[in-house]
Amino acid sequence: MIERLAQGHARRLALIGAALLIAGCGSGGGSVALIPPAKSQNQQQWRDAAASFVSIPVPAVQPVTRPRSEAPAGLQYRVDQLLRQFPGKAGAAIVAVDEGWSVSSGGTLSLPQQSVSKLWVAMTVLAQRDAGRLRLDDPVVVTRDDLTLFHQPIASLVRGDGYRTTVGALMTRALTQSDNTANDRLLTFVGGPSAVRAFIAEKRLGAIRFGPGERLLQAGTAGMTWNQSMALGRGFEAARARLDPATRAAAFRRYVDNPPDGAAPLAIADALARLARGELLSETSTRLLLETMGASRTGRARLKAATPAGWELAHKTGTGQDLGGRNAGFNDVGLVTAPDGRRYGIAVMIGDTTAPMRTRQFLIQNVASALTGAIPLRPITLPESEGTD
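These numbers come from a predicted model, not from an experiment.

Quick word on the overall build of the protein chain
In terms of helices and strands, the protein chain carries 13 helices and 11 strands. Across the 389 residues of the protein chain, 54% fall into the buried class. Nonlocal contacts in the protein chain, meaning residues at least 24 apart in sequence, comprise 72% of its contacts between residues at least 6 apart. Total accessible area on the protein chain is roughly 16,600 Å²; 54% of this is exposed by carbon and sulfur atoms.

Let's talk about helix 12 (residues 283–294)
Here helix 12 spans 16 Å end to end across 12 residues, near enough to the 16 Å set by a 1.5 Å rise per residue. Among the 12 residues that make up helix 12, nine are buried, leaving the element largely enclosed by the rest of the structure. Buried within helix 12 we find Thr284, Ser285, Thr286, Leu288, Leu289, Leu290, Glu291, Thr292 and Met293.

Focus: the packing of helix 4 (residues 118–130) against helix 12
Contact pair helix 4 / helix 12: the axes reach a minimum separation of 10 Å and the direction vectors enclose 150°. The angle between the axes of helix 4 and helix 12 places the two elements in the roughly antiparallel class. Relative to helix 12, helix 4 is oriented so that their crossing is right-handed. Note on element contacts: helix 12 touches helix 4 through Thr284, Ser285, Leu288, Leu289 and Met293, opposite Leu119, Ala122, Met123, Leu126, Arg129 and Asp130.

Here's the deal with the side chain of Arg215
Within the secondary structure layout, Arg215 lies in helix 8 (residues 214–222). Of the side chains with opposite charge, Asp184 comes closest to the buried, unpaired Arg215, at an N-O distance of 4.0 Å. In this structure the side chain of Arg215 is engaged in a polar contact, spanning 3.1 Å, whose partner is the side chain of Gln228. The contacts of Arg215, once residues within four sequence positions are left out, are Asp145, Asp146, Leu147, Thr148, Leu149, Asp184, Trp226 and Gln228.

Concerning the nonpolar core
Within the largest apolar cluster, 66 residues are counted, with the highest numbers of intra-cluster contacts made by Trp120, Ile208, Phe236, Ile268 and Leu289. Ranked by residues supplied to this core, first place goes to helix 11 (residues 265–276) with eight residues. Not counting chain neighbours up to four residues away, the residues in contact with Ile268 comprise Gln113, Val116, Trp120, Ile208, Ala263, Val333, Ala347 and Met349. Ranked by size, the runner-up nonpolar core spans 30 residues in total, among them Ala90, Ala92, Val336 and Ile350.

Considerations on the packing of aromatic side chains
For the structure on display, the rule yields three aromatic pairs. Ring plane angle 80° and centroid distance 5.4 Å describe the contact between Phe150 and Phe236, whose orientation is recorded as edge-to-face. Taken together, the residues Phe150 in the loop between strand 4 (139–142) and strand 5 (163–166) and Phe236 in helix 9 (residues 235–241) connect sequence positions 86 residues apart. For the residue pair Phe150 and Phe236, the accessibility class agrees, reading buried in each case. In textbook terms, an aromatic cluster arises when at least three aromatic residues are bridged by ring pairs, as seen for Phe150, Trp226 and Phe236. Sitting over the face of the ring of Phe330, Arg360 holds its NZ or CZ atom 4.9 Å from the ring centroid.

Comments concerning the pattern of salt bridges
One pass over the structure, following the stated rule, counts 10 salt bridges. Note that Glu279 is salt-bridged to Arg274, the shortest N-O span being 3.2 Å. You can call Glu279 buried: its relative accessible area is 13%. Note on Arg274: relative accessible area 16%, which makes it buried.

Comments concerning helix 11
The terminal C-alpha atoms of helix 11 lie 17 Å apart, and with 12 residues this matches the ideal 16 Å at 1.5 Å per residue to within 8%. For helix 11, the set of buried residues is Pro265, Ala267, Ile268, Ala269, Ala271, Leu272, Ala273, Arg274, Leu275 and Ala276. Following helix 11 by one or two positions, Gly278 adopts a phi angle in the positive range, close to 80°.

Parameters and conventions
Residues numbered from 1 in each chain as written. Predicted model: local features only at pLDDT ≥ 70, side-chain atom pairs only at ≥ 80, totals over all residues. Heavy atoms only, no water. Helix = DSSP H or I, 4+ residues; strand = E, 2+ residues; numbered from the N terminus. Buried < 20%, exposed > 50% of the residue type's maximum accessible area, 1.4 Å probe, protein only. Contact = heavy atoms within 4.5 Å. Areas by Shrake-Rupley, 256 points an atom, 1.4 Å probe, with all protein chains shown as cover. Expected span 1.5 Å × (residues − 1). Axes fitted to C-alpha atoms, helices over the stretch in contact; angles between N-to-C directions. Parallel < 35°, antiparallel > 145°, perpendicular 65-115°, else oblique. Left-handed = near helix turned anticlockwise from the far one by under 90°. Lys, Arg positive; Asp, Glu negative; His and termini not counted. Salt bridge = Lys/Arg side-chain N within 4 Å of Asp/Glu carboxyl O. Polar contact = N/O pair within 3.5 Å; in protein donor to acceptor, adjacent residues only side chain to side chain. Core = buried A, V, L, I, M, F, W, Y, C linked by side-chain atoms within 4.5 Å. Phe/Tyr/Trp six-rings, centres within 6.5 Å; stacked < 30°, edge-to-face > 60°. Lys NZ or Arg CZ within 6 Å of the ring centre and 35° of its normal.

Right, here's the structure in full:
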């Protein structure tokens, strides 16, 4: 769908882009920034339009010094209480984008990100777009050698000579469907894990690590060496089931103790706040990323369940492997916008627990509800198996 819509707009958008460039030259040169459409316009149309342009570099946005205010009364106490009562290793953080305050509990723990790390791949893509190094409509071929494991709906589209798509379409799949193969293909396109780590370092995002990619990360967590045959069918699960239980348990323990994709909830919430302030990407790329995150289909019983009417949520979930009732990574992070326009970066991350899924979902809901005032759902269990988000 993304590819067809982008092609339908291509000629008209090229004319608009040319007009913008001419206007920029006639006004004495300098950078040309695309003017975002009115908020009432169709969001999909905006994403398609943005995908068809080479982003024109704009001056870096300088952080604005804002007077710090106090967090809402009782918010820190409530978050502390929720984390103390949770049976496992977890952390949460809320950062006020426009007011400067923050609250956290376990906010500096290094916890497994799992698919939350897809955010940093997307930001690296968009940073390269801002620098003119790629376009979102650049063609990409996904072959059988690119297939990964767990949740990869794009795999059904890959035939003998591969599936032809675009950078922008892969990013949409990675963020809205949490498609592992779409994300790993983007990762190779931008230069691999080292390129993402360089982006994190350049932007000084703090205590955020980026792992080796989906295949190596999950194989290592299970105590295996990756073989591409594992990407076919349920090859990975079958190979994992044949492992010696002691080998798998030792690898699982190593992962939760020192996750190569570990990150601090406070660092992630702060990064999301900086993204919202325009400190990480250009205006067009920032808007495109947040619009895409807002269309995410995953995690219905996490932050979404505590987002009341009138509030907006742009988010990314993450889910890790299970072993004997023990889970390594159950997360939701995002940008929450109140009806009055105030914005908050939020990250709730569970790194190691034997609590059932409904208890994990309820922790995430309750932390968000402490901010939004929503009445959380009664603890429920919705199908969210490993690697699906």
